[in-house]
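Observations on chain architecture
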Amino acid sequence: MSAVWLHVGQCGNQIGQEWWRIITEGAGHSCEADRYPFLSRDGKLGAVCVDSEPKVLRKAQKLVKHGCFRESNLIVGQEGRGSNWAYGYYGPPNEGERGLLQRTMESFRKETERRDCYSGTVLFHSLSGGTGAGKCMKN
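Bear in mind the structure is a predicted one, so any value in this text is a computation, not a measurement. (Residues numbered from 1 in each chain as written. Predicted model: local features only at pLDDT ≥ 70, side-chain atom pairs only at ≥ 80, totals over all residues. Heavy atoms only, no water.)

**Brief notes about the pattern of salt bridges**
Which entries qualify depends on this criterion: Salt bridge, as used here: a side-chain nitrogen of Lys or Arg that lies within 4 Å of a carboxyl oxygen of Asp or Glu. A run of H or I in DSSP counts as a helix once it spans at least four residues, and a run of E counts as a strand once it spans at least two, with each numbered from the N terminus. Per-residue accessibility, obtained with a 1.4 Å probe over protein chains only, is compared with the maximum for each type, and a residue is labelled buried under 20%, exposed over 50%, and partly exposed between these values.
A complete count under the given rule lists eight salt bridges for this structure. Glu18 is paired through a salt bridge with Arg21; the nearest N and O atoms lie 2.4 Å apart. Here the residue Glu18 and the residue Arg21 both occupy positions in helix H1 (residues 9-25), the gap between them amounting to three residues, near one helical turn. Where Lys110 meets Glu106, a salt bridge forms, and the shortest distance between an N and an O atom there is 3.9 Å. Within this pair, Lys110 and its partner Glu106 are both found in helix H4 (residues 100-113), separated by four residues, close to a single helical turn. Residue classification places Lys110 among the partly exposed positions, given a relative accessible area of 40%. Residue Glu106 is classed as partly exposed on the basis of its relative accessible area of 28%. Within this structure, Asp42, Arg70, Glu111, Arg114 and Arg115 form a network of salt bridges that share partners.

Shown next, in the form of C-alpha coordinates:
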(Lines give C-alpha, C1' and ligand atoms only; values in the text may rest on other atoms or scores of the structure.)
Protein backbone atom coordinates (compact mmCIF):
# COMPACT_ATOMS: atom_id res chain seq x y z
CA MET A 1 0.00 0.00 0.00
CA SER A 2 1.34 3.41 -0.88
CA ALA A 3 0.14 6.99 -0.92
CA VAL A 4 0.73 10.12 -2.94
CA TRP A 5 1.94 13.10 -0.92
CA LEU A 6 0.54 16.45 -2.06
CA HIS A 7 2.21 19.66 -0.84
CA VAL A 8 0.31 22.85 -1.69
CA GLY A 9 1.37 26.44 -1.02
CA GLN A 10 4.24 27.82 1.01
CA CYS A 11 3.12 26.26 4.28
CA GLY A 12 2.51 22.82 2.78
CA ASN A 13 5.82 22.82 0.94
CA GLN A 14 7.87 23.97 3.92
CA ILE A 15 6.36 21.29 6.16
CA GLY A 16 6.69 18.76 3.35
CA GLN A 17 10.36 19.57 2.75
CA GLU A 18 11.10 18.97 6.41
CA TRP A 19 9.10 15.71 6.22
CA TRP A 20 11.11 14.49 3.23
CA ARG A 21 14.39 15.53 4.88
CA ILE A 22 13.55 13.23 7.80
CA ILE A 23 12.50 10.38 5.47
CA THR A 24 15.49 10.63 3.12
CA GLU A 25 18.01 10.91 5.95
CA GLY A 26 16.69 7.59 7.15
CA ALA A 27 15.96 8.63 10.73
CA GLY A 28 14.40 5.43 11.99
CA HIS A 29 14.06 4.06 8.43
CA SER A 30 17.25 2.11 7.82
CA CYS A 31 15.56 -0.61 5.76
CA GLU A 32 14.40 0.09 2.20
CA ALA A 33 11.17 -1.77 2.93
CA ASP A 34 10.33 0.86 5.57
CA ARG A 35 10.32 3.51 2.85
CA TYR A 36 7.99 1.64 0.52
CA PRO A 37 4.90 3.80 1.18
CA PHE A 38 6.93 6.88 0.21
CA LEU A 39 8.60 5.68 -3.00
CA SER A 40 7.50 4.84 -6.52
CA ARG A 41 8.73 1.68 -8.21
CA ASP A 42 11.63 3.66 -9.69
CA GLY A 43 12.80 4.80 -6.24
CA LYS A 44 11.64 8.41 -6.48
CA LEU A 45 9.59 10.04 -3.73
CA GLY A 46 5.86 9.92 -4.43
CA ALA A 47 5.14 13.61 -3.95
CA VAL A 48 3.60 16.44 -5.94
CA CYS A 49 4.66 19.93 -4.84
CA VAL A 50 2.55 22.91 -5.90
CA ASP A 51 2.96 26.64 -5.38
CA SER A 52 2.10 29.77 -7.24
CA GLU A 53 5.55 31.32 -6.95
CA PRO A 54 8.93 29.78 -7.83
CA LYS A 55 10.94 30.80 -4.74
CA VAL A 56 9.10 28.43 -2.42
CA LEU A 57 10.06 25.35 -4.43
CA ARG A 58 13.77 26.11 -4.82
CA LYS A 59 14.71 23.60 -2.10
CA ALA A 60 12.55 20.97 -3.74
CA GLN A 61 14.34 21.65 -7.04
CA LYS A 62 17.59 20.66 -5.31
CA LEU A 63 15.99 17.29 -4.51
CA VAL A 64 15.23 16.91 -8.24
CA LYS A 65 18.94 17.32 -8.99
CA HIS A 66 19.75 14.62 -6.42
CA GLY A 67 17.27 12.24 -8.08
CA CYS A 68 14.74 12.19 -5.23
CA PHE A 69 11.85 13.99 -6.95
CA ARG A 70 10.53 14.06 -10.49
CA GLU A 71 10.80 17.48 -12.09
CA SER A 72 7.34 17.00 -13.58
CA ASN A 73 5.93 16.80 -10.03
CA LEU A 74 7.00 20.35 -9.16
CA ILE A 75 4.12 22.55 -10.29
CA VAL A 76 5.09 26.22 -10.20
CA GLY A 77 3.10 29.30 -11.14
CA GLN A 78 4.57 32.68 -11.96
CA GLU A 79 2.57 34.90 -9.62
CA GLY A 80 2.12 34.55 -5.87
CA ARG A 81 -1.30 34.64 -4.24
CA GLY A 82 -0.24 37.04 -1.47
CA SER A 83 -1.98 35.14 1.36
CA ASN A 84 -5.29 35.95 -0.31
CA TRP A 85 -7.72 33.02 -0.08
CA ALA A 86 -9.91 34.19 -2.97
CA TYR A 87 -6.91 34.69 -5.25
CA GLY A 88 -5.70 31.21 -4.29
CA TYR A 89 -9.13 29.76 -5.08
CA TYR A 90 -9.83 31.49 -8.38
CA GLY A 91 -6.30 32.18 -9.57
CA PRO A 92 -5.29 35.13 -11.71
CA PRO A 93 -7.58 35.95 -14.65
CA ASN A 94 -4.79 35.38 -17.19
CA GLU A 95 -3.92 31.89 -15.95
CA GLY A 96 -5.92 30.34 -18.75
CA GLU A 97 -6.97 26.77 -19.44
CA ARG A 98 -3.61 25.22 -18.54
CA GLY A 99 -3.56 26.78 -15.09
CA LEU A 100 -2.07 25.65 -11.82
CA LEU A 101 -4.99 23.38 -10.91
CA GLN A 102 -5.05 21.56 -14.26
CA ARG A 103 -1.28 20.97 -14.21
CA THR A 104 -1.49 19.76 -10.61
CA MET A 105 -4.28 17.30 -11.34
CA GLU A 106 -2.42 15.90 -14.36
CA SER A 107 0.78 15.37 -12.36
CA PHE A 108 -1.21 13.90 -9.45
CA ARG A 109 -2.96 11.46 -11.81
CA LYS A 110 0.35 10.28 -13.25
CA GLU A 111 1.87 9.82 -9.80
CA THR A 112 -1.17 7.84 -8.66
CA GLU A 113 -0.84 5.55 -11.69
CA ARG A 114 2.77 4.79 -10.69
CA ARG A 115 1.59 3.15 -7.45
CA ASP A 116 1.35 -0.62 -7.16
CA CYS A 117 -1.53 -0.33 -4.73
CA TYR A 118 -2.74 3.24 -4.29
CA SER A 119 -4.12 3.67 -0.77
CA GLY A 120 -4.78 7.40 -0.53
CA THR A 121 -3.43 10.92 -0.45
CA VAL A 122 -1.67 12.84 2.29
CA LEU A 123 -2.23 16.58 1.92
CA PHE A 124 0.00 19.25 3.43
CA HIS A 125 -1.45 22.77 3.14
CA SER A 126 -2.45 25.92 5.00
CA LEU A 127 -6.00 26.66 6.04
CA SER A 128 -5.79 30.43 6.27
CA GLY A 129 -4.79 32.00 2.97
CA GLY A 130 -3.16 31.96 -0.44
CA THR A 131 -2.48 28.96 -2.68
CA GLY A 132 -2.62 26.24 0.01
CA ALA A 133 -6.04 27.26 1.31
CA GLY A 134 -7.66 28.39 -1.92
CA LYS A 135 -6.59 25.59 -4.27
CA CYS A 136 -7.36 22.88 -1.71
CA MET A 137 -10.91 24.11 -1.28
CA LYS A 138 -11.58 24.09 -5.03
CA ASN A 139 -11.82 20.31 -5.31
